[in-house]
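# Observations on chain architecture
Each chain, written out:
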Amino acid sequence: MHTDDAVIKLIKAEEKRQREGLELIPSENYVSRAVLDAMGSVFTNKYSEGYIGKRYYGGQENTDKIEQLAIDRAKALFNCDHANVQPLGGATANEIMYNSWLEPGDTVMAMRLDHGGHLTHGHPVTYLAKQYNFVRYGIKNIETGEIDFEALRATALKEKPKMLLVGFSAYPRELDYAKFAEIGNEVGAVLVADMAHISGLIAGKALKNPFDYGFHIMTSTTHKTLRGPRSGMILSMGTVSNPLKAPDKTVENLPTLIDRMTFPGMQGGPHMHTIAAKAVCFYEAMQPEYQNYAQQVIKNAKKLADSLMERGFKLITNGTDNHLLLCDIKTSFGIHGGVAEEALDAIGLTMNKNSIPNDTEPPFRPSGLRLGTPAMTTRGLTEDHMEQIAEWMLQGIVHRSDAKKMASLRAETKEFALKFPMPSDV
Ligand code: DSN
């Protein structure tokens, strides 16, 4: 029985918004009924500080099993030695990861934030930037997205980072992990991949796995392309030993260093209902049809990129290798990304304003618009539908001041969206 009508009303309204719209934010997705059920299960009632077989509370016969399932599945999916599935989110996973290996003042090399890196890769506004010394690498050629490895190597030799971090939230190209590993190894840096955006595409074998190139650690969220609950994880290579004893700081001991920094270092009780939902999403990602999904996400993104470019949208790097597209809206249409975001939201296409490389505009009023295909592919859209999405985007931007036209576009997108069920319907 529902006791809170105000909340139920908002949940229903959000479900309607999601169902009737076309979700194109590249970091969002739709989860299955099984993931939602696990998130809403009685595991939410349980405290489980500690690790399997070493908890600080009784009554762990089911939590131990569910956490072990999640760990085993994550390890199989990403082909690594260890999985810590307790981090509460992607930012927390990154904070734990840094603190496991680094001492205050240590140097980390990471992607320039305006070239696609993430806030948690050392943006000056974060607490992390006070703790560690972040130095940068970036793109050499904005037309291709090619990383400037010459400059990266020169900086690495000069700065001697203890960690080389790859990963992004707004970069549409595949990374050359072998090249990063070569330079990282030359300077003795631990190699970390923040794969939050693309871990589902790696799990689905549609993109390369950094562990195949000698990376030591991979952090990720579990709710983007991976299509699981809103949460995080840290995967690593090395030997797992008793997390209750402090090990030496060696690369071999990374799994134990990460476990100890997760709990008791930085977190308390793990969210067991979310860990149950992670176990479910890993199971789903292990099924053969998930590989079709991962490939379809990329096929859709490439087709959408071509369809947009044919209509005059300038795309950063002129296309994509993954699930996301970054449009230079200011160059294409003389408006800011936020104006386009608002116009397209009004016709049921959700995406987000975003900075572009070397943006001359401030982050809250950037020149770019970021979009992607993971959620729409989950709803069942294929390449055949991408021309139509691109056309709606063009129409929505061009006719943004014409209320009648915008209402008619909104009616069209709604009718279209309703043909594609949400996976939680079944
Ligand atoms: N907020 C996420 C994104 O949209 O890319 C990254 O944390």
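Keep in mind it's a predicted model, so treat the numbers as computed, not measured. (Residues numbered from 1 in each chain as written. Predicted model: local features only at pLDDT ≥ 70, side-chain atom pairs only at ≥ 80, totals over all residues. Heavy atoms only, no water.)

## Topic: the site of the ligand
- Near the ligand, the surroundings consist of S27, H118, S169, H197, K224 and R370.
- Separating an oxygen atom of the ligand from a side-chain N or O atom of S27 is a distance of 2.6 Å.
- Contact between the ligand and R370: an oxygen atom at 2.7 Å from a side-chain N or O atom of the residue.
- The fraction of the free accessible surface of the ligand (230 Å²) that becomes covered by protein chains is 63%.
- When the residues that make up the shell around the ligand are grouped by side-chain class, the tally is no nonpolar, 4 polar and 2 charged. (Near = heavy atom within 4 Å. Polar contact = N/O pair within 3.5 Å; in protein donor to acceptor, adjacent residues only side chain to side chain. Areas by Shrake-Rupley, 256 points an atom, 1.4 Å probe, with all protein chains shown as cover. Nonpolar A, V, L, I, M, F, W, Y, C, P; charged D, E, K, R; others polar.)

## Focus on the sheet that holds strand β11 (residues 217-221)
- What the 7 strands build is an open sheet, ordered β4-β12-β11-β10-β9-β5-β6; its pairing is mixed. Among the strands making up the open sheet, the edge pair consists of β4 (82-84) and β6 (133-137). Across the sheet, the mean angle separating the axes of adjacent strands is 20 degrees when strand polarity is ignored.
- Sheet topology note: the β4/strand β12 (residues 232-236) ladder contains 3 bridges and is antiparallel. Bridge pairing in β12 places N84 opposite I234.
- Running at roughly 130 degrees to β4, helix α3 (residues 61-78) makes contact with β4, β11 and β12 of the sheet. (Pairing = 2+ DSSP bridges. Helix = DSSP H or I, 4+ residues; strand = E, 2+ residues; numbered from the N terminus. Axes fitted to C-alpha atoms, helices over the stretch in contact; angles between N-to-C directions. Contact = heavy atoms within 4.5 Å.)

## Structural notes on the side chain of N94
- Note that N94 resides in helix α4 (residues 90-101).
- At a separation of 2.9 Å, a polar atom in the side chain of N94 contacts the side chain of T120.
- In this view, N94 contacts T120, H121, D194 and T219; residues no more than four positions away in its chain are not counted.

## Describing the nonpolar core
- Counting residues in each nonpolar core, the largest one holds 60 residues, and the members touching the most others are F78 and F180.
- The leading source of residues in this core is helix α10 (residues 272-285), at 9 residues.
- Counting residues in each nonpolar core, the second largest holds 37 residues, with L304, I335, I389 and W392 among its members. (Core = buried A, V, L, I, M, F, W, Y, C linked by side-chain atoms within 4.5 Å. Buried < 20%, exposed > 50% of the residue type's maximum accessible area, 1.4 Å probe, protein only.)

## Concerning the pattern of salt bridges
- Per the counting criterion, the structure on display carries 24 salt bridges.
- Two residues, E67 and R55, come together in a salt bridge whose shortest N-O distance is 2.7 Å. With E67 in helix α3 and R55 in strand β3 (residues 54-55), this residue pair connects regions lying 12 residues apart in the sequence. Both residues of the pair, E67 and R55, belong to the buried class.
- Counted as one network, the salt bridges with shared partners bring together K303, R311, E387 and E391. (Salt bridge = Lys/Arg side-chain N within 4 Å of Asp/Glu carboxyl O.)

## Details of the packing of aromatic side chains
- Evaluation of the coordinates by the stated rule reveals 13 aromatic pairs.
- Both rings, one in Y98 and one in F134, keep their centres 5.6 Å apart while their planes meet at 85 degrees; by these two values the pair is edge-to-face. Highlighted residues: Y98 in helix α4 and F134 in strand β6, separated in sequence by 36 residues. Accessibility assignment for this pair places Y98 and F134 in one class, buried.
- An angle of 75 degrees between the planes, with centres 5.3 Å apart, marks the rings of W392 and F416 as edge-to-face. On the criterion of sequence distance, the pair formed by W392 in helix α15 (residues 386-398) and F416 in helix α16 (residues 403-417) is long-range, its members being 24 residues apart. The pair W392 / F416 is uniform in exposure class, with both members buried.
- Connected via pairs of aromatic rings, a cluster forms that spans Y98, Y132 and F134. (Phe/Tyr/Trp six-rings, centres within 6.5 Å; stacked < 30°, edge-to-face > 60°.)

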